Each structure stands twice: as structure tokens, then as C-alpha cells.
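The primary structure of each chain is shown beneath.
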Amino acid sequence: MSVPIVSGALFCFAFAVHWVTWQAWRPKASGQVLVSLLVVSIIIAAGVLISLSLTSTAVGGWLPARAGEWLQAIVLALAISASYVMTYPAVECESPTLVIVDAIARRGPEGLELNDLYRDLSDDFLVMARVNDLCNESLAIETDGRFALTQRGRFLARVFMSWRTLLRLGRGG
Amino acid sequence: MRIAEFWWLMSAVVVCVFEILVHILWVRLFPSRGLYRALLAGFLAGGALFAAMSWATFDRPFGQHLANLGIYICFSYVYFHWNNMSETARRVRLTIELLDHEKGLTREEILTRYNGREIVDLRIRRLLGSRQIEWRGNRVCRGNPSVLMMATIMGRLRQILRAPPFDR
């Protein structure tokens, strides 16, 4: 059972590093920083645990013994981190779907008129804030009031377009 | 170090690739049944293959089977989000809109193509389709609470990370 336990411990350590970092400094390109932080924390922590398992017999008994098991523990910890990274945008950029459901629930049994939602969820909140995110992540750039994609942004857009074409889907949104 | 120690890697890769293939095949064969049913079909097919492969390698340590199950579930979650993101993420839609215009778009031009009203309407339609909300007269009311639970979890996570409040 040492592999899943070590994976859980590696992820918990990486999450703790992320939490402490976010209290002190909140980066603009938060997605990229979050990925780097989790990957580096897991690799460093795994390196420390591997060294411990080689040098200390007392601790070594609780840790994976073979290279294959260590790699599996690291892959699982990275997989848990990837799941967290995919969830994170909903924490940082409040998903409109969750906002709508929350707003309707707050009104209780009488519910909500659509016009209330149109008024509360403005273009600035729903669209322009995300355009600014694209600029912060260096996926787009603003020049003389015009927003255009950077090379990275074009690459990302093409990846998603290709995927949606493969599945024969429209533009989404 | 022996190559046999990495048996789990092949198992994990095969199951994840199989899930993707079943998903793509399902979407192309039954386009009217929607993206999310296809994802469920891929997940279940991958799960069945995972169970068969685990049974065939039953002599390996239980912890490693459990870790592989964890890898498969995490992969499926990430794959679901990747597809969900391509379907619903505003940033993805905006990059696709901007891709067609090399010289860029002004704020007004962006809002002509994609705006708050369209975003709200798309989500209301999806929420009605999945019965998360329902019409009562000219008002929308709460339905199935699963997305509301997700909103509550996200709220808690925001508190843990002490994220600042949003400007609407």
C-alpha cells in the first residue's frame, strides 16, 4: 500500500507549498505558476524521500522499494495534481454556470428572472475579464485598443479547433 | 532495475488510450447523443478494460493496482475537463474568435461575436437540459442540486485559498 500513500503525501506537500505561496504572492499568470510549483514540489519531495529510503532503514521500510514503484507513486501524484490544476480555474475565475446556479438557489423557491441574470452578469465580468486573463497569460496582446493572439495563443487556439473538428463540434463557449 | 517493474505503466497507458478511442468513436457514430454521454461511454469502456487487465495481473501488489486505478480516474477527470473546457471555457472560445482575425479585434468587435447575454443563454439552456434548473412561469428555479453542490465545494476551496472577491 506504500505507493498510493506516498502519492497522497507528495500531493499534500505540493498543495501545502501552493497554499503558502498563494498567501504571500498571487501571480498574474497563475495557471503556469501553479503547474510549475506543483511539479517542482513533487519532484523535490520525491527526491528527498528516495534519498531517505536509501539511507535510513527505519524509514525505508515504509517507502516503495523498487524504481517502478517510485515512478508509479510520482506519476499518481502528478495525476492528482493535474486534476487539481484542471479544477483550479473554476476557483480563480468563478465559472458562470456555478454563479448562475448559486444566484438561483439564493432566491429560494420563487426563483429568478432571466433579466436579473443579464443585469448582474455584465460583459466586463463575463468576457473582458477573460480577455485580460489571456493577456496576463501571454496568450493575447493589446495594441491600440485591439486584442490579437500571440504565437502561443494561436497554437493553443489551433489545438482546440483541431480537437473540436475531430469530434465534429461547433465553436462552443 | 528490471523492465518488469514497469508493468503498471503499459496497463495505465493502454486503458487511457482505449478510453479516448471509445469516446471519439462514440461521438462520431452517435453525434446526436451529445458529448457527455460519449465521455461516460469511454470511461466505462476504459474501466472494463482496466478491470480485465488487473485481473490478468492479479499476482502484483494490491497497492499498485489501487495506484493504477487512481491514475485512471485522475486521467478520466482531466480528460473530461479538457473536453468540457473546449465546450464551455470562455477563454477557449475567445482564442478561437481571435484566431480568425490576425490584426485583432476591438472590445466592441469581440462583444458583437461573443457577449454576456450569449454566455448566460448557453448556460441556461445546458442547465435546463440537465434539469439543474427548471422554468416556473417566467422565472428559473432550482432543480437537481448536483451543480449547486459543486458551487459550494468551489466556494469552500476559495475560502481555503483565501482568494479575493470578484468584481461583477
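Please read these numbers as outputs of a predicted model, since none were measured by experiment.

A. Region of the structure containing the overall build of chain B. Each helix and strand counted, chain B has seven helices and three strands in total. Element order for chain B, N to C, with α for helix and β for strand: α-α-α-α-β-α-α-β-β-α. For 168 residues, the compact-globule estimate of 2.2 N^0.38 gives 15 Å, and the C-alpha radius of gyration of chain B, at 21 Å, exceeds that figure by more than 25%. Here the C-alpha coordinates of chain B stretch approximately 60 × 45 × 40 Å along the principal axes. In chain B, which comprises 168 residues, the share counted as buried stands at 32%. Considering only residue pairs separated by 6 or more positions, chain B has 47% of its internal contacts joining residues 24 or more positions apart.

B. Summary view of the pairing of strand β2 (residues 133-136) of chain B. All names here are of chain B. Bridge analysis of β2 against strand β3 (residues 139-142) gives four bridges, and the strand direction is antiparallel. In the strand pairing of β3, W135 is matched with V140. Between β2 and β3, which pair antiparallel and follow one another directly, the connecting turn spans two residues, one of which, G137, has a positive phi of 65 degrees.

C. Region of interest: helix α7 (residues 146-161) of chain B. Residue and element names in this part refer to chain B. With 16 residues, α7 extends 23 Å between its outermost C-alpha atoms, agreeing within 8% with the 22 Å of an ideal straight helix rising 1.5 Å per residue. Of the positions making up α7, those classed as buried are V147, A151 and M154. Buried residues of α7 fall within an arc of 60 degrees about the axis and therefore sit on the same side. Residues of α7 that are exposed and point more than 90 degrees away from the buried face comprise S146, M149, R156, Q159 and I160.

D. Summary view of the nonpolar core. In this structure, I100(A), V131(A) and A140(A) are the most contacted members of the largest nonpolar core, which totals 34 residues. For this core, the secondary structure elements donating two or more residues are α5 (96-106), α7 (123-136), β3 (146-149) and α8 (151-166) of chain A together with α4 (90-99), α6 (116-129) and α7 of chain B. If we skip the residues at most four places from it in the chain, V131(A) touches A140(A), F147(A), L94(B) and I110(B). Membership of the second largest hydrophobic core comes to 32 residues, among which are V3(A), I42(A), A79(A) and Y84(A).

E. Molecular detail of the interface of chain B and chain A. Contacts between chain B and chain A engage 69 residues on the former and 75 residues on the latter. With 14 residues, helix α3 (residues 62-88) of chain B is the largest single contributor of residues to the side of chain B that touches chain A. Across the side of chain B that touches chain A, the residue classes break down as 39 nonpolar, 13 polar and 17 charged. In the sheet, β3(A) pairs with strand β1 (residues 105-106) of chain B via two bridges, with the strands oriented antiparallel. Within the sheet, the bridge partner assigned to R146(A) lies in β1(B) and is T106(B).

F. Representation of the sheet that holds strand β2 (residues 140-143) of chain A within the structure. On the basis of which strands lie adjacent, the open sheet formed by three strands has the order β2(A)-β3(A)-β1(B) and antiparallel pairing. Each of the sheet's edge strands pairs with one partner strand only, and the pair in question is β2 of chain A together with β1 of chain B. Where β2(A) meets β3(A), four bridges bridge the pair, whose relative direction is antiparallel. Looking across to β3(A), one finds that A140(A) is bridged to L149(A). In this fold α4(B) packs onto β2 and β3 of chain A together with β1 of chain B, with an angle of close to 95 degrees to the strand it touches most, β3(A).

G. Highlighting the sheet that holds β2(B). The three strands lie next to each other as β1(A)-β3(B)-β2(B), forming an open sheet whose pairing is antiparallel. Since the sheet does not close on itself, it has two edges, and those belong to β1 (112-113) of chain A together with β2 of chain B, each with one partner.

H. Structural context of the domain arrangement of chain B. Domain parsing of chain B yields domain 1 (3-88) and domain 2 (92-161). The C-alpha-based centres of domain 1 of chain B and domain 2 of chain B are spaced at 28 Å.

I. Representation of the confidence of the model for chain B within the structure. Taken as a whole, chain B shows an average pLDDT of 89; of its residues, 96% reach a score of 70 or greater. With pTM at 0.83, the complex prediction returns an ipTM value of 0.83.

J. Seen up close, the packing of α7(A) against α4(B). It is the contact of α7(A) with α4(B), at a shortest axis distance of 9 Å, that shows an interaxial angle of 75 degrees. Classed by the angle they form, the pair α7(A) and α4(B) counts as roughly perpendicular. Along the contact surface, α7(A) presents L126(A), V127(A), R130(A), V131(A), D133(A) and L134(A), while α4(B) presents R90(B), R91(B), L94(B) and T95(B). Residue composition of the contact of α7(A) with α4(B), grouped by class: five nonpolar, one polar and four charged.

How each quantity is defined
Residues numbered from 1 in each chain as written. Chains lettered and ligands numbered in written order. Predicted model: local features only at pLDDT ≥ 70, side-chain atom pairs only at ≥ 80, totals over all residues. Helix = DSSP H or I, 4+ residues; strand = E, 2+ residues; numbered from the N terminus. Rg over C-alpha atoms; globule rule 2.2 N^0.38 Å. Buried ≥ 20, exposed ≤ 12 C-beta atoms within 10 Å, placed from the backbone. Contact = placed C-beta atoms within 7 Å. Pairing = 2+ DSSP bridges. Expected span 1.5 Å × (residues − 1). Arc of directions from axis to C-beta. Core = buried A, V, L, I, M, F, W, Y, C linked by C-beta atoms within 7 Å. Nonpolar A, V, L, I, M, F, W, Y, C, P; charged D, E, K, R; others polar. Axes fitted to C-alpha atoms, helices over the stretch in contact; angles between N-to-C directions. Domains from an automatic or database assignment. pLDDT = per-residue confidence, 0-100. Parallel < 35°, antiparallel > 145°, perpendicular 65-115°, else oblique.

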